[in-house]
Amino acid sequence: MTANGWFQIALFLFVIFLVTKPIGVFMARVFNREKTILDPILRPIEKLVYRLTGVNEKHEMRWTEYAVAMLLFSGVSMVLLYLIERTQKWLPFNPQKFGNLEPGLAFGTAASFTTNTNWQAYSGESTMSYFTQMAGLAYHNFASAAVGIVLAIVVIRGIARKETDKLGNFWVDTTRCLLWVLLPVCLVGSLILVSEGVVQNLKPYTTVDLIQPYTAQVTGTDGKTTTQTITQQVIAQGPVASQEVIKEFGTNGGGFFNANSAHPFENPTPLSNFFEMILIFAIPSGLTYTLGRMTGSQRHGWAVWAAMAFLFFAGVTAAYWAEARGNPLLAGTDQRATQLHSGGNMEGKEVRFGIANSALFGTVTTDASCGAVNAMHDSYTPIGGMVPLINIMLGEVVFGGVGAGLYGIFVFVVLAVFIAGLMVGRTPEYLGKKIEVYDVKMAMLAVLILTCTILIFSAVSVVKPYGTAGITNPGPHGLSQVLYAYVSSTGNNGSAFAGINANTMWYNTTTAAAQLLGRFFMIIPVLAIAGSLAKKKIVPESAGTFPVTGGLFAGLLVSTILIVGALTFFPALSLGPILEHLLMNAGKAF
């Protein structure tokens, strides 16, 4: 751990703090349909979209109608992506002549990108055509991000409005999100990434001669192994920058290349690395300010931000410490940090990023439901790898995904206020709205869906041969691989302990099911709470009202997240990364 490393972590959090207000104010204006600087350009386009699609922008929906529209939009989009994947062999922009995806992988990938998970059981540069990358995957990066954002806005409206069952119009909110929020930033952001060296073209892959040829063992189609001299390398390329920026800004995470943001064509420099991390947190952080502005309680928005920031700093501190400490089993290796070497556990990490930026990126991408990686989480130390795992287990409420983080932490806010009400012996209140039995039941339903999906699928996978066949490491690390797969899928994160072989019928099907459950079966209870709150009257504050605007509330919120979220998974963590850490210190590795 170095002063330079801590400075970069502190600088990142400071920049996130600086962008929170302007982004939050802008989004509040967009979704309140107030005038913005982009209106002269985008308002005519918006009206044209409504005219072509027959949308009545003045019509507002109840939460049930909003949910049905969201599900229909997501379902049709998923089917469209599946068809593109299954027919890409005959579609344009396929210079490498990639074949069609087999049904299991196509279904899993379609579910993954529709739910903003972007779980990838394939290598993008050797599987997906340019057309599939652009018209299929990149489209879903925009669409799934927009769905998450507008659902967060619905939750905010439910808190802010009173005595109504109207929460907005899904089609209008989604259109405005795409036009005003996502597209402008991605247009500028892609140019910034191109300036840093991120590739953007439609050229076929380039074959180049190696300066230093090497020999390798090659297994032929007849099963025989021969020694060959490798003299050439194929350089993959394509429309990368345009997908990279929405991958981060929309907290999607699916990489154009298999190495994701560790690949120099996706993330070539320290500046591009820093910029991509800022993109991941920008909208989730800004939504906390939007929450305060639209509900008329800015201090509440900052209290939620403070709780998120505290959990973020705790996580990155633990990950940085574990990775900088290194591997005690390599006692004869110099793992100290110097001016020429970052020290610590450098396995699976890029030299150009080092320990601090690898630990920071790994924490950021799992705090949010992004899943992009600039280092391989499977190569982290047991405690270092446990931090991303816990971040997702908490429900990715530490800033979280675009929209998903806010409505995810809203569930814990309801539970925290309910607990506070029990402690003072009165009906709990939240920003003037009474939290009743129905609201608490829906909040607990959302929590139970998350935990049951993860634990049931993981339990089956570690005892059945079709699950254990994908484990590449024995012992507790193998359990961590399986647990991470379902935690990441249910939490709609998409990152992985890459050692697991997930491209099987079992994992493709069950991870897709986990992604759909984690996305839509959690959204519906949250929308139900929003609809319930919108119908309620505002209750004046009294001496017994628990304040949700200060340090006491932030502390209670953090405690609720840790107790409900973390302790639920403590037995599984004890058998996985915690046991592996103890055995590593005792001299045994897996």
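Residues numbered from 1 in each chain as written. Predicted model: local features only at pLDDT ≥ 70, side-chain atom pairs only at ≥ 80, totals over all residues. Heavy atoms only, no water.

Asks: Describe in detail the overall build of the chain, supporting the description with residues and values.
Replies: In terms of regular secondary structure, the chain is built from 18 helices and four strands. The C-alpha atoms of the chain give 24 Å as radius of gyration, which agrees with the globular expectation for 590 residues (25 Å, within 12%). Each principal axis of the C-alpha atoms in the chain carries an extent, and together these give about 80 × 60 × 50 Å. Burial status across the chain gives 56% buried among its 590 residues. Put simply, of all contacts in the chain between residues at least 6 apart along the chain, 78% involve residues at least 24 apart. Roughly 23300 Å² of accessible area belongs to the chain as shown, and the carbon and sulfur atoms make up 66% of that amount. Side-chain charges in the chain split into 36 positive and 31 negative, and the spacing between the mean points of these groups amounts to 9 Å. (Helix = DSSP H or I, 4+ residues; strand = E, 2+ residues; numbered from the N terminus. Rg over C-alpha atoms; globule rule 2.2 N^0.38 Å. Buried < 20%, exposed > 50% of the residue type's maximum accessible area, 1.4 Å probe, protein only. Contact = heavy atoms within 4.5 Å. Areas by Shrake-Rupley, 256 points an atom, 1.4 Å probe, with all protein chains shown as cover. Lys, Arg positive; Asp, Glu negative; His and termini not counted. Charge placed at Lys NZ, Arg CZ, Asp CG, Glu CD.)

Asks: Break down a nonpolar patch on the surface for me, citing the residues and quoting the values.
Replies: A cluster of nonpolar side chains, namely Phe-7, Leu-11, Phe-14, Phe-17 and Leu-18, defines an oily patch on the protein surface of about 490 Å² accessible area. Topologically, Leu-11 is positioned in helix α1 (residues 3-31). On the basis of relative accessibility, which here comes to 34%, the residue Leu-11 falls in the partly exposed class. (Patch = residues over 30% accessible without salt bridge, like charges linked within 9 Å, V, L, I, M, F, W, Y side chains within 5 Å. Salt bridge = Lys/Arg side-chain N within 4 Å of Asp/Glu carboxyl O.)

Asks: Can you tell me about the pairing of strand β1 (residues 206-219), naming the residues and giving the values?
Replies: As paired strands, β1 and strand β2 (residues 225-235) are joined by ten bridges and run antiparallel to one another. Counterpart to Gln-217 in the pairing with β2 is Thr-227. Counting the residues between successive antiparallel strands, the hairpin from β1 to β2 contains five residues, one of them, Gly-223, with a positive phi of roughly 90°. (Pairing = 2+ DSSP bridges.)

Asks: Describe unusual backbone geometry, with residues and values.
Replies: Positive phi outside glycine occurs at Glu-163, with the angle close to 50°. Within the fold, Glu-163 resides in the loop between α5 (130-160) and α6 (170-196). Look at Glu-163 and you get exposed, because its relative accessible area is 51%. Of note in the backbone geometry, Asn-260 takes a positive phi value of approximately 60° without being a glycine. Checked against the element boundaries, Asn-260 lands in the loop between α7 (241-249) and α8 (270-295).

Asks: Quick rundown of the packing of α5 against helix α16 (residues 505-534)? Include the residues and the values.
Replies: Running from amino to carboxyl end, α5 crosses α16 at an angle of 25°, the nearest separation of the two axes being 7 Å. As the angle between them shows, α5 and α16 are arranged roughly parallel. For the crossing formed where α5 meets α16, the hand is left-handed. Contact residues: α5 offers Ser-144, Val-147, Gly-148, Leu-151, Val-154, Val-155, Gly-158 and Ile-159, while α16 offers Arg-519, Ile-523, Val-526, Leu-527, Ala-530, Leu-533 and Ala-534. Taken together, the residues that form the contact of α5 with α16 break down as eleven nonpolar, three polar and one charged. (Axes fitted to C-alpha atoms, helices over the stretch in contact; angles between N-to-C directions. Parallel < 35°, antiparallel > 145°, perpendicular 65-115°, else oblique. Left-handed = near helix turned anticlockwise from the far one by under 90°. Nonpolar A, V, L, I, M, F, W, Y, C, P; charged D, E, K, R; others polar.)

Asks: So, the side chain of Glu-248: which residues are in play, and what are the values?
Replies: Of note, Glu-248 is situated in helix α7. Owing to a relative accessible area of 0%, Glu-248 belongs among the buried residues under this scheme. With residues up to four places along the chain from it excluded, the contact list for Glu-248 reads Ser-261, Glu-276, Leu-279, Ile-280, Phe-361, Cys-370 and Ala-372.

Asks: Help me get a handle on α16, residues and values and all.
Replies: In an α-helix there are 3.6 residues to a turn, and that puts residues three or four apart on one side. In a regular helix each residue adds 1.5 Å, so 30 residues correspond to 44 Å; α16 covers 43 Å between its end C-alpha atoms and thus fits that length. Across the 30 residues of α16, 22 count as buried, placing the element largely inside the fold. (Expected span 1.5 Å × (residues − 1).)

Asks: For the layout of surface pockets, give the residues involved together with the corresponding values.
Replies: For the largest pocket, the calculated volume is near 490 Å³. Looking at the largest pocket, it is lined by 30 residues, and the ones nearest its centre are Gln-120, Tyr-122, Asn-258, Ala-496 and Ala-498. Among the residues forming the lining of the largest pocket, the class breakdown is 14 nonpolar, 16 polar and no charged. The volume enclosed by the second largest pocket comes to roughly 370 Å³. Taken together, the elements giving at least two residues each to the lining of the second largest pocket come down to α1, α9 (298-325) and α10 (354-367). A total of four residues in the lining of the second largest pocket trace back to one element, the largest contributor, which is α10. Here the lining of the second largest pocket is composed, by residue class, of eleven nonpolar, ten polar and one charged. (1 Å grid on protein atoms, 1.4 Å probe; cavity = no way out; pocket = protein on both sides within 12 Å on 5 of 7 lines; lining within 4 Å. Points joined across faces, edges and corners; volume = space filled by probe spheres on them.)

Asks: Can you tell me about empty space enclosed by the protein, naming the residues and giving the values?
Replies: The full count for this structure, using the stated rule, is eight cavities of 30 Å³ or more. Each pocket or cavity is described by its volume, and for the largest cavity that value is around 140 Å³. As for the largest cavity, its lining consists of 15 residues, of which Gly-395, Glu-396, Ala-404, Gly-491 and Met-522 are closest to the centre. Only α12 (404-424) and α16 provide two or more residues apiece to the lining of the largest cavity. The residue inventory of the lining of the largest cavity, partitioned by class, reads four nonpolar, nine polar and two charged. A volume near 90 Å³ is recorded for the second largest cavity. The wall of the second largest cavity is formed by 14 residues, among which Leu-394, Gly-395, Phe-412, Val-447 and Leu-450 lie closest to the centre. Broken down by secondary-structure element, the contributors of at least two residues to the lining of the second largest cavity are α12, α13 (437-461) and α17 (551-566). Residue contributions to the lining of the second largest cavity peak at four residues, all from α13. Along the lines of polarity and charge, the residues of the lining of the second largest cavity split into ten nonpolar, four polar and no charged.

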